[in-house]
Every structure is written in C-alpha cells, then in structure tokens.
Amino acid sequence: MEDLQSSEEAAFVVEDVTNIIKEAIEVTLQQAAYHHSKVGQWTSNVVEQCLRRLTALNKPFKYIVTCIIMQKNGAGLHTASSCYWDNASDGSCSYRWENKTMYCITSVFGCMI
Amino acid sequence: MDSFTGELKVYENTYQTLPLPGKKFNPEAVNKIIQSTLHSRLQKTKYSAKESSQLIQSLCSELQKAIQALDYDRYKIIVQVTVGEMLGQGCFFGSRGLWDTQTDSFATYTFQNGSLYCVATAFAFFTP
C-alpha cells in the first residue's frame, strides 16, 4: 500500500502544473501591454516562477519550461512536440493565455528520474 | 488475452549512473541535424494556416526519428517545433530546465524565409 501511495504522489499531475503555470503568467503579465523591451524580462519571470513552484512540489522530476510571448497582429502560430519517454511516469502540459495585445503559450515537460 | 508462455528474461542491474563515454548527448551533432532537416523541408514552403499543423507534426516525428538514429542510450528526448507567420509582429521564446548539467542538454535552431519562421528545439534527459 505504501508503494502505491508513493507512486501516485510522484506522478506528473497535469492539473497542479496547469495551475502553477496559470498563476505564474497572471502574476507577471496581468494588465500589461506588449512592449518589445520588456518581453525578455517577462518570459524569464514566468519561466523562473514556474520552475520555483515546480521544485517546491518536491517530486523526483526533471523539468523543462518553455514560454512563447507573441504580439497580437493577426499572424498565425503553431506549436507541436514529440516526446520519447515513459508514458506511465512522465507528462507534459500546456497553457494558453491572452490579453488585448499579446498571446502567451507556456509548456511544461516533466520526466521522472 | 494471450498469456506469455516463453522464458521471461530478468536482467541484472547495470548500476550505470552516467552515460557511457561517447554516448553522451552531443548538442552540436543534433544542431546540425535540426538545421539540415529544417532547411530541406522548409526552404520553399510558404506559411499556410491549414497545412502548418500537419507540417510541424511531421517535422516533429522526422526530427525525433533522426535523433533516435544517433542511438543515445537511456536518454529521454523531447522535441518541440514552433512555426509562425512573418507579419512583422514581435515574438520572444524562452525556456529553462531543471536538470543534471553533467548529462542533460538541449539543441536548437531557428529557420526563417520570407513568409514563415520555425524554431525547433530538442531536449535530452539522461535516466540513470
């Protein structure tokens, strides 16, 4: 029974990670208008906040967090990913956020050690 | 459901905590593969909203197969491809990894022509 519990706790929980991403983006970008000089700072903030909170989950995982911030211009954007890993333990999640001037797409990939 | 009737092989632990010499993920080699794949597939491609999603999915699997062919043992590989239309908008890509710097790494390449840009990144995690 203990083994079952520990494997559930150590799994990649998509809901928790999606919440983490959502909060990191809202804290950084809420009510901001796209500005090319600030984008770098925003992307770093979102990604670093996500990583800090993911680390705080204390799970035996390696993470990659990617963030794309794009100005709203009518241009199209497509993203895809392909992962070679263990489906039982590893996972990914993606969150799309927008306001009047920009889109932000953040993805987290987690691989169990 | 068929039951397994053959001999079940049980392998002993290898106690391998680092990649074997010569089998460590080489970002430069993978960079070259990504570069040549993107150039050959996208040189004459124009951005199209309908075809882009299929295009990047096939690019993703092609890159994944090419990296598998390099035979990095015990590595988990994640390939991410993004394609966007060139309309003069501002765009910024950022990523961070929480990993073991001794064994894990990434390779990336950005391609652009008159109508589209494409960013392809491959991340590799060693699993001891």
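Asks: Lay out the pairing of strand S3 (residues 105-112) of chain B with the relevant residues and their values.
Replies: Residue and element names in this part refer to chain B. By the bridge criterion, eight bridges tie S3 to strand S4 (residues 116-126) in an arrangement that is antiparallel. Paired with threonine 110 across the two strands is valine 119, which belongs to S4. Here S3 folds back onto S4 in antiparallel fashion, the turn holding three residues.

Asks: Please provide a residue-by-residue account of unusual backbone geometry, values included.
Replies: Of note, the phi angle at Asp71(B) is positive, near 60°, even though the residue is not glycine. The class of Asp71(B) is partly exposed, set by a relative accessible area of 41%.

Asks: Please give an account of the sheet that holds S4(B) that cites residues and values.
Replies: Strand pairing within a sheet occurs via backbone hydrogen bonds; the two strands may be parallel or antiparallel. The four strands are arranged S2(A)-S1(B)-S4(B)-S3(B) in an open sheet whose pairing can be described as antiparallel. In this open sheet, the two edge strands, each paired with only one partner strand, are strand S2 (77-84) of chain A together with S3 of chain B. Mean inter-strand twist for the sheet, computed between neighbouring axes without regard to direction, equals 10°. Examined bridge by bridge, S2(A) and strand S1 (residues 75-85) of chain B share eight bridges and lie antiparallel to one another. Looking at S1(B), one finds that Ala80(A) is bridged to Val81(B). Contacts between helix H2 (residues 49-68) of chain B and the sheet are confined to S2 of chain A together with S1 and S4 of chain B, with S2(A) contributing the most and set at about 25° to the helix.

Asks: Hey, could you go over the interface of chain A and chain B for me, with residue numbers and the actual values?
Replies: Counting residues at the interface gives 41 residues for chain A, matched by 42 residues for chain B. Taken together, both faces of the contact between chain A and chain B bury some 3,200 Å²; the carbon and sulfur share is 59%. Summed over the three residues of chain A that lose the most area to chain B, namely Lys62(A), His78(A) and Tyr84(A), the buried surface amounts to 22% of that side. At the surface where chain A touches chain B, the tally comes to three salt bridges. Put simply, Glu48(A) and Arg96(B) hold a salt bridge, and the shortest N to O gap is 2.7 Å. Linking chain A to chain B there are 20 residue pairs in polar contact (both at pLDDT 80 or more). Among the elements that take part in the side of chain A that touches chain B, strand S1 (residues 61-71) of chain A stands out by supplying 11 residues, more than any other. Here the side of chain A that touches chain B is built from residues that sort into 22 nonpolar, 15 polar and four charged.

Criteria and cut-off values
Residues numbered from 1 in each chain as written. Chains lettered and ligands numbered in written order. Predicted model: local features only at pLDDT ≥ 70, side-chain atom pairs only at ≥ 80, totals over all residues. Heavy atoms only, no water. Pairing = 2+ DSSP bridges. Helix = DSSP H or I, 4+ residues; strand = E, 2+ residues; numbered from the N terminus. Buried < 20%, exposed > 50% of the residue type's maximum accessible area, 1.4 Å probe, protein only. Axes fitted to C-alpha atoms, helices over the stretch in contact; angles between N-to-C directions. Contact = heavy atoms within 4.5 Å. Buried area = accessible area lost by both parts, 1.4 Å probe. Salt bridge = Lys/Arg side-chain N within 4 Å of Asp/Glu carboxyl O. Polar contact = N/O pair within 3.5 Å; in protein donor to acceptor, adjacent residues only side chain to side chain. Nonpolar A, V, L, I, M, F, W, Y, C, P; charged D, E, K, R; others polar.

Honestly, that's just the spatial picture; any functional story needs more than this.
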